[in-house]
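One-letter residues, chain by chain:
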Amino acid sequence: AAVPAGVLALLLGTLLWAPWQALHGAPLVELSGDQDFQLFLHKNLEFTRKIKGDVAALQRVVCDTFQLCKEEELLLVRQDLGIVQVPLEQCHSRTFQVEACFSQIHDGLRAYHGSLAAVLELLPGHASLVETLQLDAANLSSNIQQQMEDLGLATVTYPTEGPGPLPTFSSSFHHQVGGFFILANFQRFLETAYRALRHLARL
């Protein structure tokens, strides 16, 4: 069954793995000496690592519960679901700009906060962990928005689909696979965000 266009934004991921490129940009030199900014980076690197660990725990639950463990075995089903990917190319671009990268991380976290509701429905026995993950995604998004405001950085808006309603999967199996890819894509998204924060912290 076709997935409504409004649903696509709920089934989000990040760009396919690409070689990590050197990050450049004029504002970075100024920011590298900002102690408050460095404190923000180190605190949120730890926070992102914690969120990655919670996502990994839920991935293990999906693997153990539904025997859905390997992406390559489910790629055809993913195509049927019309799963799209969150853009995060601004965080590994040769024309890297902090505000562009942070805007994409902020928007992506908000999208994942919504899409995790499908995982919550899938794993009611692990509601507390999923809800904690949603709260952490919202808090990390808020942290980034606040830091952008503190630095006087403009929020860059990129055209995206609206979040829309929760997806209605045509079968319980599609729901399971949808949950699997939401988590797998979120993990990749977090890894890219983590690398961007770590790069800034090393300047």
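Trainee: Just give me the short version of the overall build of the protein, but keep the residues and values in it.
Mentor: Within the protein, the secondary structure is distributed over 7 helices and 0 strands. Starting at the N terminus and ending at the C terminus, the protein contains elements arranged as α-α-α-α-α-α-α. With 203 residues in all, the protein has 48% of them scored as buried. Sequence-distant contacts, at least 24 apart, represent 89% of the contacts inside the protein between residues at least 6 apart. When the accessible area of the protein is evaluated, it comes to approximately 9,800 Å², of which 55% is carbon and sulfur surface.

Trainee: Tell me about the pattern of salt bridges, and please be specific about residues and values.
Mentor: Here the structure, examined in full by the defined rule, presents 6 salt bridges. Here Glu191 makes a salt bridge to Arg195, at a shortest N to O gap of 3.3 Å. Note that Glu191 and Arg195 are positioned in helix H7 (residues 172–201) at a spacing of 4 residues, about one turn of the helix. With relative accessibility at 24%, the residue Arg195 sits in the partly exposed group.

Trainee: Just give me the short version of the nonpolar core, but keep the residues and values in it.
Mentor: Membership of the largest hydrophobic core comes to 53 residues, with the highest contact counts inside it found for Phe102, Ile105, Leu109 and Phe186. The set of elements that each furnish at least two residues to this core consists of helix H3 (35–66), helix H4 (75–81), helix H5 (98–122), helix H6 (127–151) and H7. If you tally residues by element for this core, the top one is H7, at 14 residues. Residues in contact with Leu109, not counting those within four places in the same chain, are Ala137, Leu140, Ser141, Ile144, Phe186, Phe189 and Leu190.

Trainee: Before we move on, can you summarise unusual backbone geometry with the specific residues and values?
Mentor: At Gln67, a position not held by glycine, the phi torsion is positive, near 55°. Residue placement: Gln67 occurs in the loop between H3 and H4. Given a relative accessible area of 58%, Gln67 falls into the exposed group.

Trainee: Which residues make up H3, and what are the values?
Mentor: Given 3.6 residues to a turn, an α-helix orients residues that are three or four positions apart in the same direction. Between its first and last C-alpha atoms H3 spans 46 Å; for 32 residues at 1.5 Å apiece the expected length is 46 Å, and the two agree. Phi turns positive one or two residues past the end of H3, at Gln67, with a value near 55°.

Trainee: So, the state of the cysteines: which residues are in play, and what are the values?
Mentor: Here the structure, examined in full by the defined rule, presents 2 disulfides. Here Cys63 connects covalently by a disulfide to Cys69, the sulfurs 1.9 Å from one another. On the sign convention where negative means left-handed, the S-S torsion of about 90° between Cys63 and Cys69 marks this disulfide as right-handed. Residue Cys63 is classed as partly exposed on the basis of its relative accessible area of 24%. Judged by relative accessible area, Cys69 falls into the partly exposed class, the value being 41%.

Trainee: Outline the packing of H5 against H7, supporting the account with residue identities and numerical values.
Mentor: Their axes nearest at 10 Å, the elements H5 and H7 cross at an angle of 155°. Relative to H7, the element H5 lies roughly antiparallel. Considering the relative orientation of H5 and H7, their crossing is left-handed. Class assignment of the residues belonging to the contact of H5 with H7 gives a composition of 19 nonpolar, 7 polar and 1 charged.

Trainee: So what's going on with the packing of aromatic side chains? Which residues, and what values?
Mentor: Following the criterion strictly, the structure yields 7 aromatic pairs and no others. Here Phe180 and Phe181 contribute two aromatic rings whose centre-to-centre distance is 5.1 Å and whose plane-to-plane angle is 90°, an arrangement assigned as edge-to-face. Members of the aromatic cluster, joined through ring pairs, are Phe37, Phe40 and Phe102.

Trainee: Explain the side chain of Gln176 to me, and be specific about the residues and the numbers.
Mentor: Here Gln176 lies in helix H7. The class of Gln176 is buried, set by a relative accessible area of 17%. Not counting chain neighbours up to four residues away, the residues in contact with Gln176 comprise Phe66, Leu68 and Leu122.

Trainee: Account for the packing of H5 against H6, naming residues and giving values.
Mentor: Interaxial distance between H5 and H6 falls to 9 Å at its minimum, and their mutual angle equals 160°. Taken together, H5 and H6 sit at an angle that is classed as roughly antiparallel. Helix-helix and strand crossings are classified by hand; for H5 and H6 the assignment is left-handed. Across the interface between the two elements, Glu99, Phe102, Ser103, Ile105, His106, Leu109, Arg110, His113, Leu116, Ala117, Val119 and Leu120 of H5 pack against Ala127, Val130, Glu131, Leu133, Gln134, Ala137, Ala138, Leu140, Ser141, Ile144, Gln145 and Met148 of H6. Looking at side-chain class alone, the contact of H5 with H6 contains 15 nonpolar, 6 polar and 3 charged residues.

Each value, and the rule that gives it
- Residues numbered from 1 in each chain as written.
- Predicted model: local features only at pLDDT ≥ 70, side-chain atom pairs only at ≥ 80, totals over all residues.
- Heavy atoms only, no water.
- Helix = DSSP H or I, 4+ residues; strand = E, 2+ residues; numbered from the N terminus.
- Buried < 20%, exposed > 50% of the residue type's maximum accessible area, 1.4 Å probe, protein only.
- Contact = heavy atoms within 4.5 Å.
- Areas by Shrake-Rupley, 256 points an atom, 1.4 Å probe, with all protein chains shown as cover.
- Salt bridge = Lys/Arg side-chain N within 4 Å of Asp/Glu carboxyl O.
- Core = buried A, V, L, I, M, F, W, Y, C linked by side-chain atoms within 4.5 Å.
- Expected span 1.5 Å × (residues − 1).
- Disulfide = S-S within 2.5 Å.
- Axes fitted to C-alpha atoms, helices over the stretch in contact; angles between N-to-C directions.
- Parallel < 35°, antiparallel > 145°, perpendicular 65-115°, else oblique.
- Left-handed = near helix turned anticlockwise from the far one by under 90°.
- Nonpolar A, V, L, I, M, F, W, Y, C, P; charged D, E, K, R; others polar.
- Phe/Tyr/Trp six-rings, centres within 6.5 Å; stacked < 30°, edge-to-face > 60°.

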